[in-house]
Amino acid sequence: RRVEFYELRLNSQGEEAANPHPPGTLENLVVNCGEVEILIAESRYALTAGDAIQFVADVAHTYRNVGSTEAVMYLVMTYAPTLT
């Protein structure tokens, strides 16, 4: 699998929307600080510092800071192997 690692910072009440990734893409997200809401398709997940979530990211998803301070998250994205 190809892997990418990101630090994602969102200001208070900020959000970042992501389009669906290729089929089989997994996201592992850990909240370092702050309060966030993750929307995956029609489902909502509330996370705070120390919480983690893993999901299949081949649907639209949004990261939303619902707290009053900056939120910092670490994201590891892995892609399904491609056939050559």
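This is a predicted model, so every value here is computed, not measured.

Participant: Describe unusual backbone geometry, and please don't skip the residues or the numbers.
Facilitator: Phi at Q13 is positive, roughly 70°, even though this residue is not glycine. Along the chain, the position of Q13 falls in the loop between β1 (2-10) and β2 (15-18). Residue class for Q13 comes out exposed when judged on its relative accessible area of 55%. A positive phi angle, near 55°, is found at A41, a position not held by glycine. With respect to the secondary-structure elements, A41 resides in the loop between β4 (35-40) and β5 (43-48).

Participant: Would you mind going over the sheet that holds β2 in detail, with residue names and values included?
Facilitator: Across the sheet, four strands lie side by side as β2-β7-β4-β5; this open sheet has antiparallel pairing. Two strands close off the open sheet at either side, each with one partner strand: β2 and β5. Neighbour-to-neighbour, the strand axes of the sheet open up by a mean angle of 15°, direction not taken into account. The sheet contact formed by β4 and β5 spans six bridges and is antiparallel. Residue I38 lies in a different strand from β5, and its bridge partner there is Y45.

What counts, and at which threshold
Residues numbered from 1 in each chain as written. Predicted model: local features only at pLDDT ≥ 70, side-chain atom pairs only at ≥ 80, totals over all residues. Heavy atoms only, no water. Helix = DSSP H or I, 4+ residues; strand = E, 2+ residues; numbered from the N terminus. Buried < 20%, exposed > 50% of the residue type's maximum accessible area, 1.4 Å probe, protein only. Pairing = 2+ DSSP bridges. Axes fitted to C-alpha atoms, helices over the stretch in contact; angles between N-to-C directions.

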